[in-house]
Amino acid sequence: MTHTLDPQMTMTRVLEIFPGAQRALFRRYHIGGCASCSFQPGETLAGLCARNNLDAAEVVQHIQTSHQQDEELQISPGELAALRQAGAVRLVDVRSREEFDATRIEGAVLLSQPVMQEILGRWPREELMVLYDHRGRQSLDAAAYFLGQGFRNVRCLRGGIDAWSREADAKIPRYRLELSA
Amino acid sequence: MNPAPDYQKRIEEALRDPKNLGELAGADAVGTAGSAACGDMIRLWIKFKEEAGKKVVDRATFQSFGCETAIAVASLATELIRGKTAEEVLALSAEELAPSLGPLPPVKIHCTQLVESALRSALEPQSAPTQASAAPAAAPSLIDKFTQASQPSGKLKVILLEPDCHD
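The structure reproduced in this document is the subject of the present report. Please read these numbers as outputs of a predicted model, since none were measured by experiment. (Residues numbered from 1 in each chain as written. Chains lettered and ligands numbered in written order. Predicted model: local features only at pLDDT ≥ 70, side-chain atom pairs only at ≥ 80, totals over all residues.)

**Observations regarding the environment of Gln69 of chain A**
Residues and elements named next belong to chain A. Applied cut-off: Each helix corresponds to a stretch of at least 4 residues labelled H or I by DSSP, and each strand to a stretch of at least 2 residues labelled E; elements are numbered beginning at the N terminus. In this description, a residue-residue contact is defined by the distance between C-beta atoms placed from the backbone, which must lie within 7 Å.
Mapped onto the elements, Gln69 comes out in helix α5 (residues 66-73). Note: C-alpha distance between Gln69 and Gly20 (49 residues apart in sequence) is 8.3 Å. Sequence-distant contacts of Gln69, that is, excluding residues within four places in its chain, are made with Gly20 and Ala24.

**Thoughts on helix α6 (residues 142-150) of chain B**
Basically, it comes down to this: Counting other C-beta atoms within 10 Å of each residue's C-beta, where C-beta atoms are placed from the backbone, gives the exposure class: buried for 20 or more, exposed for 12 or fewer, partly exposed between.
Within α6 of chain B, 7 of the 9 residues are buried, which leaves it mostly tucked inside the rest of the structure. Within α6 of chain B, the full set of buried residues consists of Leu142, Ile143, Asp144, Lys145, Phe146, Thr147 and Ser150 of chain B. Close packing links the buried residues of α6 of chain B with α2 (21-29) and α9 (139-148) of chain A.

**Some points on the nonpolar core**
Defined as follows: To form a nonpolar core, buried Ala, Val, Leu, Ile, Met, Phe, Trp, Tyr and Cys residues must be joined through C-beta atoms within 7 Å. These domain boundaries are the output of an automatic or database domain assignment.
Of all hydrophobic cores here, the largest spans 49 residues; its most connected members are Val130, Leu131, Ala143, Phe146, Cys156 and Leu157 of chain A. At 7 residues, the largest contribution of residues to this core is made by α9 of chain A. Each of two domains, domain 1 (11-64) and domain 2 (72-167) of chain A, supplies a minimum of three residues to this core. Filtering out sequence-adjacent residues up to four positions away, Cys156 of chain A remains in contact with Leu73, Gln74, Val130, Leu131, Tyr132, Gly136, Ser139, Leu140 and Ala143 of chain A. In this structure, Phe62, Ile81, Cys111 and Leu119 of chain B belong to the second largest nonpolar core, which totals 33 residues.

Right, here's the structure in full:
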């Protein structure tokens, strides 16, 4: 089903019908990535554009391609395995400490506050960085965040470490999570 | 509106050799703006000296959790304020802190304001705005989304599956 994006929609509605909108907004316009550039759920897209001096028509067009942008951001386990054989890939794990300690892709660093500072302050912005999570849901947000911060070669692992285990390295155990209070 | 190529070039130039990175031992004033929890924070250290009967900035350094624009602005601003009195520094507007970057795209202006707030926090702590007042009831940001997922509120247990298990 094709949705039409009306600039008078609230941001809550925009995100309902275009789940990748926030990532698209941050990648290109640096909006919605952190507390300083956030938006209000009830403000309209038109209002957000006016507040940031953006052309609403162009922003609408950009958001309407957000799904395709998300697709292009992803890399399959097979592609990642080939890239790792060919050369250095900076691997960033955006899962919890518990998951990282239980199983990880060799060479990955766990994203923490000090690592975030190291990445933003010192990592070359043109080098390939691949982010992964458990099943490929959060790493898209993380990839969009780093793209919005000026990194030019960021991808995320489609299906996360779970897909990596199934398709690229069966020695990496699969797992499920239980959360107790 | 795409980020202007010449703006990106100026940012890259400023980032090629960032000045005054890191903590400054024996600083006379320290100021922070933003929040490390959301990855958007600047901390500034300032040391003064006496010069011609006036107390002026001898050296200023910074640490940043923020975006590349914030790092570029902080680098330039810490150079710019050398030799100025606290009053002269406080009189600078956000736009005046990094004049060589030229006009910033509207969406990057908050990066400059972050540096200005950190300077105010160091030199005039009572007037610095709080983070809470700057961002009321905002939608979860991207960084909220992926950091909250990695920091669950309860106790997390990882249960490894048997190799032939289809979860």
